[in-house]
Structure formats: C-alpha cells, structure tokens
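Close look at the chain arrangement
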Number of protein chains: 2
Amino acid sequence: MSRITGLHVRDIRFPTSREHDGSDAMNPAPDYSAAYVEITTDALDGLVGTGFVFTIGRGNEVQEAAIAALRGHVVGADTEAVLADMGGTWRAMVHDSQLRWLGPEKGVMHMAIGAVVNALWDLRAKRAGQPLWALLADLSPEELVDLVDFRYLTDAITPTEALELFRAAEPHRATRRARLEQQGYQAYTTTPGWLGYDDEKLARLCREAVDEGFEQIKLKVGGDVDEDVRRMGIARATVGPDVRIAIDANQRWDVDEAVTWIERLRPFDIAWVEEPTSPDDILAHAEIARRIAPIPVATGEHMANRVIAKQLIQAGSMSVLQIDATRVAGVNENLAILLLAAKHGVRVCPHAGGVGLCEAVQHLSMFDAVALTGDLDTRCIEFVDHLHEHFVTPVDVHDGRYWPPTAPGAGTEMLADSLDAYAFPDGPAWAVVDTETVPDAVRVA
Amino acid sequence: MSRITGLHVRDIRFPTSREHDGSDAMNPAPDYSAAYVEITTDALDGLVGTGFVFTIGRGNEVQEAAIAALRGHVVGADTEAVLADMGGTWRAMVHDSQLRWLGPEKGVMHMAIGAVVNALWDLRAKRAGQPLWALLADLSPEELVDLVDFRYLTDAITPTEALELFRAAEPHRATRRARLEQQGYQAYTTTPGWLGYDDEKLARLCREAVDEGFEQIKLKVGGDVDEDVRRMGIARATVGPDVRIAIDANQRWDVDEAVTWIERLRPFDIAWVEEPTSPDDILAHAEIARRIAPIPVATGEHMANRVIAKQLIQAGSMSVLQIDATRVAGVNENLAILLLAAKHGVRVCPHAGGVGLCEAVQHLSMFDAVALTGDLDTRCIEFVDHLHEHFVTPVDVHDGRYWPPTAPGAGTEMLADSLDAYAFPDGPAWAVVDTETVPDAVRVA
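Heads up: these notes are all about the structure in this document. What you are looking at is a predicted structure, and each value in this text was computed from that prediction instead of being measured. (Residues numbered from 1 in each chain as written. Chains lettered and ligands numbered in written order. Predicted model: local features only at pLDDT ≥ 70, side-chain atom pairs only at ≥ 80, totals over all residues. Heavy atoms only, no water.)

**Comments concerning the overall build of chain A**
A count of helical and extended segments in chain A gives 20 helices and 13 strands. Overall size of chain A, expressed as C-alpha extent along the three principal axes, is 65 × 55 × 40 Å. Of all 445 residues assigned to chain A, the portion counted as buried reaches 67%. Excluding contacts between residues fewer than 6 apart, the proportion of contacts in chain A whose partners are at least 24 apart in sequence is 75%. If you sum the accessible surface of chain A, you get close to 14000 Å²; carbon and sulfur atoms cover 51% of it. One finds the centroid of the 40 positive side-chain charges in chain A at a distance of 4 Å from the centroid of its 68 negative side-chain charges. (Helix = DSSP H or I, 4+ residues; strand = E, 2+ residues; numbered from the N terminus. Buried < 20%, exposed > 50% of the residue type's maximum accessible area, 1.4 Å probe, protein only. Contact = heavy atoms within 4.5 Å. Areas by Shrake-Rupley, 256 points an atom, 1.4 Å probe, with all protein chains shown as cover. Lys, Arg positive; Asp, Glu negative; His and termini not counted. Charge placed at Lys NZ, Arg CZ, Asp CG, Glu CD.)

**Brief notes about the interface of chain B and chain A**
Each partner contributes residues to the interface: chain B has 68 residues there, and chain A has 68 residues. Summed over both sides, the interface of chain B with chain A buries roughly 5600 Å², with 56% coming from carbon and sulfur. At the surface where chain B touches chain A, the tally comes to six salt bridges. With its nearest N and O atoms 2.8 Å apart, the salt bridge here joins aspartate 280 of chain B to lysine 106 of chain A. If you look at where chain B meets chain A, you find 34 residue pairs in polar contact (both at pLDDT 80 or more). Secondary structure elements with two or more residues in the side of chain B that touches chain A: strand S3 (49-55), helix H1 (60-68), helix H2 (71-74), helix H5 (97-100), helix H6 (107-128), helix H14 (282-292), helix H15 (306-314) and helix H20 (440-444) of chain B. Residue composition of the side of chain B that touches chain A, grouped by class: 33 nonpolar, 18 polar and 17 charged. (Buried area = accessible area lost by both parts, 1.4 Å probe. Salt bridge = Lys/Arg side-chain N within 4 Å of Asp/Glu carboxyl O. Polar contact = N/O pair within 3.5 Å; in protein donor to acceptor, adjacent residues only side chain to side chain. Nonpolar A, V, L, I, M, F, W, Y, C, P; charged D, E, K, R; others polar.)

**Let's talk about the environment of glutamine 322 of chain A**
Residue and element names in this part refer to chain A. Along the polypeptide, glutamine 322 turns up in the loop between strand S9 (320-321) and helix H16 (330-344). Given the relative accessible area of 0%, glutamine 322 is considered buried. Taking the C-alpha atoms as reference, glutamine 322 lies 9.1 Å from glutamate 274; in sequence the two are 48 residues apart. Discounting residues that sit within four places of it in the chain, glutamine 322 has contacts with Tyr188, Trp272, Glu274, Ala298, Thr299, Gly300, Glu301, Cys349, Pro350 and His351.

**With respect to a negative patch on the surface**
All names here are of chain A. A surface patch of negative charge is lined by Asp211, Glu212, Asp385 and Glu389. Mapped onto the fold, glutamate 389 is located in the loop between strand S11 (381-383) and strand S12 (397-398). Taking relative accessible area as the criterion, glutamate 389 reaches 53% and is therefore assigned exposed. (Patch = residues over 30% accessible without salt bridge, like charges linked within 9 Å, V, L, I, M, F, W, Y side chains within 5 Å.)

**Examining the sheet that holds strand S2 (residues 33-41) of chain B**
Residue and element names in this part refer to chain B. Strands sit in the order S1-S2-S3 across an open sheet of three strands; the sheet is antiparallel. The sheet terminates laterally at strand S1 (4-13) and S3, the two strands that pair on one side only. Ignoring which end each strand starts from, the neighbouring axes of this sheet average 15° apart. Judged from the nine bridges that link them, S1 and S2 form a sheet pairing that is antiparallel. Each bridged residue has a counterpart across the sheet, and for valine 9 the counterpart in S2 is valine 37. Lying on the sheet, H1 is in contact with S1, S2 and S3; it crosses S1 at an angle near 175°. (Pairing = 2+ DSSP bridges. Axes fitted to C-alpha atoms, helices over the stretch in contact; angles between N-to-C directions.)

**Some details on the pattern of salt bridges**
Within the structure shown, the criterion is met by 72 salt bridges over all chains. Here glutamate 61 of chain A and arginine 13 of chain A are joined by a salt bridge, their closest N and O atoms 2.9 Å apart. Of the two residues, glutamate 61 of chain A sits in helix H1 (residues 60-68) while arginine 13 of chain A sits in strand S1 (residues 4-13), which places them 48 residues apart along the sequence. On the basis of relative accessibility, which here comes to 3%, the residue arginine 13 of chain A falls in the buried class. In this structure, arginine 179 of chain B engages aspartate 377 of chain B in a salt bridge whose closest nitrogen and oxygen atoms are separated by 2.7 Å. Of this pair, arginine 179 of chain B sits in helix H10 (residues 173-183) while aspartate 377 of chain B sits in the loop between helix H17 (357-371) and strand S11 (381-383), placing them 198 residues apart in sequence. By relative accessible area, arginine 179 of chain B is classed as partly exposed at 30%.

**Focus on the pairing of strand S5 (residues 216-220) of chain B**
Residues and elements named next belong to chain B. S5 sits mainly inside the fold: five of its five residues count as buried. Where burial is concerned, the two faces of S5 agree: the one with Gln216, Lys218 and Lys220 and the one with Ile217 and Leu219 are both buried. Alignment of strand S4 (residues 185-193) against S5, held across two bridges, turns out to be parallel. Within S5, the residue paired with glycine 193 across the bridge is leucine 219. Viewed along the sheet, the connection from S4 through helix H11 (residues 199-211) into S5 turns out right-handed. Looking at chain direction, S5 and strand S6 (residues 244-248) are connected through five bridges and run parallel. Bridge assignment links leucine 219 to a residue of S6, and that residue is isoleucine 247. With helix H12 (residues 225-239) bridging S5 and the parallel S6, this β-α-β connection has right-handed handedness. (Right-handed = clockwise from strand over helix to strand, strands pointing away.)

**Points about the relation of the copies chain B and chain A**
Between chain B and chain A, which share one sequence, the superposing operator has a rotation angle of 180° and an axial displacement of 0.0 Å; the RMSD is 0.0 Å. The superposition operator between the copies reduces to a two-fold rotation axis. Nearest to the rotation axis, the C-alpha of glycine 107 of chain B is located 2.4 Å from it, this being the minimum over chain B. Both copies contact each other with a shared surface, as 100% of the interface residues of chain B are interface residues in chain A too. (Least-squares fit on C-alpha atoms with pLDDT ≥ 70 in both.)

**Let's talk about helix H4 (residues 86-94) of chain B**
Along H4 of chain B, the residues classified as buried are Met86, Gly87, Thr89, Trp90, Met93 and Val94 of chain B. For H4 of chain B, the buried positions fall inside an angular range of 165° around the axis, keeping them on one side. (Arc of directions from axis to C-beta.)

**Considerations on H17 of chain B**
Over its 15 residues, H17 of chain B runs 22 Å from end to end, which matches the ideal 21 Å to within 8%, given 1.5 Å per residue. By the criterion of burial, H17 of chain B is predominantly enclosed, with 15 of the 15 residues buried. (Expected span 1.5 Å × (residues − 1).)

**Quick look at the sheet that holds strand S3 (residues 49-55) of chain A**
All names here are of chain A. Strand order in the open sheet formed by three strands is S1-S2-S3, with antiparallel pairing between adjacent strands. The sheet is open, and its two edges are formed by S1 and S3, each paired on a single side. Pairwise comparison of adjacent strand axes, ignoring direction, gives a mean angle of 15° for this sheet. Docked against the sheet, helix H6 (residues 107-128) engages S1, strand S2 (33-41) and S3, running at close to 150° with respect to S3.

**Some remarks on the packing of H1 of chain A against H6 of chain A**
Residue and element names in this part refer to chain A. Axis separation between H1 and H6 bottoms out at 8 Å; the angle between their running directions is 65°. Where H1 crosses over H6, the two elements pack in a sense that is right-handed. Between H1 and H6, the residues in contact are Val62, Gln63, Ala66 and Ile67 and Val108, Met109, Met111, Ala112, Ala115 and Val116, respectively. Residues belonging to the contact of H1 with H6 are distributed by class as follows: nine nonpolar, one polar and no charged. (Left-handed = near helix turned anticlockwise from the far one by under 90°.)

**Structural notes on the pairing of S4 of chain B**
Residue and element names in this part refer to chain B. Of all the nine residues making up S4, nine are buried; the element is thus mostly covered by neighbouring parts of the structure. Relative to strand S13 (residues 401-402), S4 runs antiparallel, the two sharing two bridges. Bridge pairing in S13 places tyrosine 185 opposite tyrosine 402. Sheet topology places S4 next to S11; three bridges connect them, and they run parallel. Residue pairing across strands places threonine 189 opposite phenylalanine 383, the latter belonging to S11.

Now the structure itself:
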C-alpha cells in the first residue's frame, strides 16, 4: 500500500510568438504553454504521474492555481484506492460542490481537474507497464462504463447502451489491435497552414506534407477572405486534387459571415470547415452546417464538456467531432464523448498540436479503434510537428500515420531539462526575451 | 488626468455552511465568498472602484488569481480614457487572445473580467455621483449600443436593432423613472426555501415572507421527491393560494427525471421551475419546457455568457431568464443579454442572494425598467435577506420591493471591517473555526 505524497504544479511556457508558429485568426501571438502537474507517491517504484493543461501564455498561472486547489482531493489518499476507482475519483473532484461553482464543469477549474485526472491515468498506466491506450482497451466493458458520469447524458446515451457498445466491440479487440499496430492511425497535418507564414513557406510546407505521406492538410483562414482565396489556391495547386484540404476559422465568424466566406472557398474542394463560430454556439453551428452542406463542419476542440458535445451531436451541428485531451475533465470525460459519438455515428478526429496534445490524445483514438468503434478508415488525428522534442516519449508519426506508443504511461511526461529551461518567468528561455514580447501581466506585476 | 494605480484582490469568505444557509440539492454546504477587487487611481477624489465574483468557498483563491491576471490591462492606464470607453475596455480584456484560451468566454477567467469591469463601472458611477442604474439610463442610445459586443449575436440581434430598441424607449425614460421611484421593483424571496431548514423554520419563514409583503417565494427542491411534496404542501398551506411559489432544482435532474419529479409537484401551482438540468443544456431545457408546459421554466444564473443566453432564447428553453451580476463578464455583457431578451420578448428575473448579488444586480433591472423594456409588471428580482450588513450601501427592500438606490456607485463596496473580519484564511472569523469545517485545500496545504 502507498500514499499520494505530492501534487506539484509548474508554469511552463514556450516563447512561440517570436516565430508566429501557431498563429491563426483569433490567436495572433500565442506562447504555447502548459500548466504541468506531477503526482508523487511514497511507493518504492518512484513513478510520477504527469498531466497538463495546454494554454497559450498569459493566464497559465491561473491554471496553475486551479490545479493546486485540487491538492486536497489527492494528496494523502491511498494510491491504489484512487487509481482502482478512477470513476469515483473523477466524480469526487467534478462534483465537489464548492469548486463546481467556478464552472460549473467548464473553463479553468474543469481543465484543472482534467490535468489531475490525466496525471493519475499516467501513473496507473506506468504502474501497469502499459501505454494508456492499451490499458484502457484491456478493461472490461463494465469497468469502462463505470468510468463515465452519465449525469446530463441519459437523453442521448444510457449506461446500458454504453455497455452494449463496449460488449459488441469486445470480441474484435484482438484483431483490431493487430490492425492498428500494423497500419497505424491516420494523421493529418496543420504544419503548413498557419496565418503568419509567407507564400513561399506555405508552398514549401505543403509540398513537404505530401512528400511525408499526409493525405490531408489544414489551412487557417478567417483573417481576410481575399488572402484566404489566394492561399487556398497556392495550397491546392501545390498538393494536387487528391490530398484533402480542411480549413480552420478558429471561431472567427457569425453565421451569415461564415456562409459567405465559405462560399468563396468552396471551389477549392474543402474537406471540412473547422470552428466557424463560437464553440458554445450549438445552434449557429447547426445553421451553418445546413447552409454550407455538403461541406462538413468540424468542431469540438473548445467544447467545454460532455453536455456541449451531446448537444452538438443532437442538433446536427457538425459531422466531425474534435476532442481535445486537456479541454474537458480528462480521460474519463473524453470516454463519455467517444461513447456519444459512437452511439450516434459521428466520426471523431481529435484536435492536437500545442504542447503535448498529440502525445496525449492519440491514446484516446487508439483506444476507440480497439475497444469501441474500431473505425480506422474515416478518422484521423491532427498533427503539428512542433515541440515534441520536450517529451520523454514523443509521438511516432511517419508515412502520414501515428504509430501506437509502446512505452508505459499516457505520453504526457516532459523532459526534466525542458521543464527547467522553459519555467516561467525565471527559466533561461525567458531570461533572454526582450521586453516587447514579455506578457503584460509580467511587465506590470 | 489621472492614472489607475492599483488593482488589489482579496479572498473574502463567510462560514455560512455552519448554519446550512444557502443549502440546496447541488450545494449542501456552501461558504459564501467573494473574490473582491479594488481599483485605485491617483486622482485627488480618492475614489475606489469595487467589484467581486461570488463563489461558494473552495477555489475562491483561483478566482483571485484570475482577477490578478488582468492587472496588466488596467494598472497604469489613463483612468478617464478607460472609463469613457467601457465598450473598448471590455473588448480589450475579453479579446485578449492568450487569456481567452482559458475559457473561451466562460468560467473563472470570464468571471474575473466581470469583476474588473464591474469595479470600473462602480468607479465611473462614483465619479459621476450617480447610482449605476441611473448613470446607465442617462446614456444615449448610441453610447449604450457601443458598450455591447455583438460578435456571435447578429443572428439574433444586430446593432441597428439594438439602437432601435433604445431609441424607442428614450422618450419614456422620465415617466418610467418616476414610476420606478414611486413603486419600487418587485422582489421575491428565497429566504424560506433552503433544503437544510426544518419544517417549523420553513413555515415560520413562509409566514414572515407573506407578512413582509412578498408576492412570490421560492423553494429549493431536488433532494428527495417525497420530501419535496411534503415541504411544498407546508409552504402552500402557509402562504395560501395567492402567493406564487417557484421551485429551484439547482441543476439536479436529467430530462425524464425532471419531468417525472415536476409532475408530482404540479398540483401545488408552480410559478416556475428553475434550473431543472445542466445550465449548458439548451436542448434539454427546451425539451423539459415543452413537456411540462404551461409551467414556466426559468434558468440563466449559471449561463456562461451571452452566446448561451442567445441560444436559450432561440430554442425556447425557458420563459424566465435569470441574469446574474457576476457570472458573465460584467455590466456590458448583461446589457447584451437584456437586449436579447427585450428583442425576443423574454422576461428577465435576476438571480440574487449570495454575497452582494442583490446589491449589484438591481442596477441592471432598474436600468432596463427605465431605458429598455420599461417592464415593471411581470419582472421581479430575487431577494435573500442575508449578508447585506457587510455592504456600504445595502439594498433597501421593504413591502416586497426593491427601492432604487440613490448612493453613487454600483452597490458593490464592502465595509472595511467586514473585509478584515472575513479575510481568508487569516481573518478572525476563520481563526475560530474547528478543523472539521475547514476546506480540504487549507488542511492539506
């Protein structure tokens, strides 16, 4: 028996705004960051559970405070009891009535729970000596259903229906796993498409994406429609007619504006339109989807929780659901969302990129491919080739595919040197920044 | 000319869980709290702008960190420029792309902006020597429209339509203001209805409510249906057939459960059913509203922002919209919501209680009564007779009505003695608490 002895949080920031990496219509100058959590125990194995919330800079310290507020739920607890009952552990945090008021179930406090939940899953997977996707895919249907909180979901899926879905998949797990390990999981790349890149860089990165075996790329749009038409023309001419091109507006438009803008881009054959408007706007997404059909709408990376996911599905707001590893309350809530999508026949193509989002979210898709829908044909995971070098077990993406991780854990652990170098505000990476690019909050404080 | 010299945040908590004040089906033991902000300038008037986010205990320090993260947007700025362009000030904070990622526009970070925005409005009203409601009601239609961010709203209301609403009301402002000052604004009381109270206390508080002139009371429900039927019977027998009784489930149910539960209570003549399910669940609220008609559904105190408000109206999710002074990004966003409701003919009956919510939200309803809908007949503001003694200008509620405040400001300023006494964790009110009632986070830290 062991006890959880510590929950340590760090403010890690990468000064990415210097290079315009990650720039889009709503986020012109992000500094990719992580509020990073380490959970320690007094067990002799010395294993540490790691998780994080991805943010884009200022306010990462708020996220850090929210994670620290969960200390009382974890530190001092019996490690085995916490890890053996991850459904109960999740409920205890999400249903803490005083903390719940701060959302409820959304924003900073909810994402903080996600980081702690994911760190506990990382610890459990490390202790089991399995990568998270395989650990989850080895659980019984009953154990999986117990991980999910069905409150507010029963008008769309019941525990009984969830159990049936997992049971139906159970006999196919072994063959599906073999297929996953043999052919990998389709990736698509956003690397070429950031708004801050010039035409030469756009074309070069498009060419490289095709050469590297990607069958889909994505372009950021929504800054200026004429510019978007021009950039889309360059991209389509570069990749040819057979590579799919998705576009991503990052919440830039109202309904009419979205429809008008997308009409200008329709001739270029659009794989999907991502986040055309507010991530909270279920009805506007549905209206846009209806008016731009048959172009698919994709959304979900900013959906606050499973209740929003449920409604996006119920209202027909999108046909591609984009889960994110650190936006909702961790693995358990993403299982709920995968179940909703499976029941209602919506394909899930996760959002990734940022800091460690690729490393984390691949486990959810691969679990789904083995133990839930088994869909390896119509789904793909976003890939951005950026910042992976800071992780202990970086993703293995080649030939346009994610290859299943084999290392124990959830993929969320960062290298000790990176944690030191990018500590904010005192790490060496920040010491050399000129004052112009230092966030306001730091300058003033 | 003056500069804003400081943004100071305090963690203020009242140990209300000791008395079960404020207990409901989702919040069994709240410690009513405020992340309280003071904005100072170097002007000779010495005026301080005050605002807060209401929370129910644990996590108030997270809210405090979020408010502190906004320091760079305010401190050092030209006071007059900030206050003269409150629309621009609001946009600069809400559209800060790095901070926006933490919501977007929801939860801890969004409420923090609300506290700062409200503190700036308090400062502006104090400088003008006017109560906030009167200050707002004296602005021109053009100035009012400029305060509102119409992003994501134009499928429900455009700036032009908003301008028309304000212009149509303008000729009636003087007569409406006279009427408001003469007859007050209808209040209803939740004081009798908390779940933690015994039958004798319930009946006594119901009697007192009627004696004090309230024409509506509200009971918390959702713990146990047989108990609710019994308590509702006591309340109805005590107040008689002419006093309206609303019920509040505080998000306790899924759709089918809500409908079944409400059917049991229907015989008691229900004024409205409040928060039957998740505050994010626009479609479930709409389904419940359809199935329990003609009993009205009320919701909104936990709606994250104007985009959720818009959809609740568009989907017919409720017929009573309950704005809250500190849940969204302050006065400006509540103006947007009042406009949406006015355009679509939905009545607004604000949520209040907590710490200072009555003091704050009355200004919004009174502004609406003078300069927007002019509705003094079908609307009412929640009232709970609790913790008002800690405010410099507590509400004046008598004869079942709120009476318009006359003191300059937004009503949000707390007494210096109270701020000292209830400072958490070091104030004298907390020093005497036994360890059992100290929040986990404190015990562990």
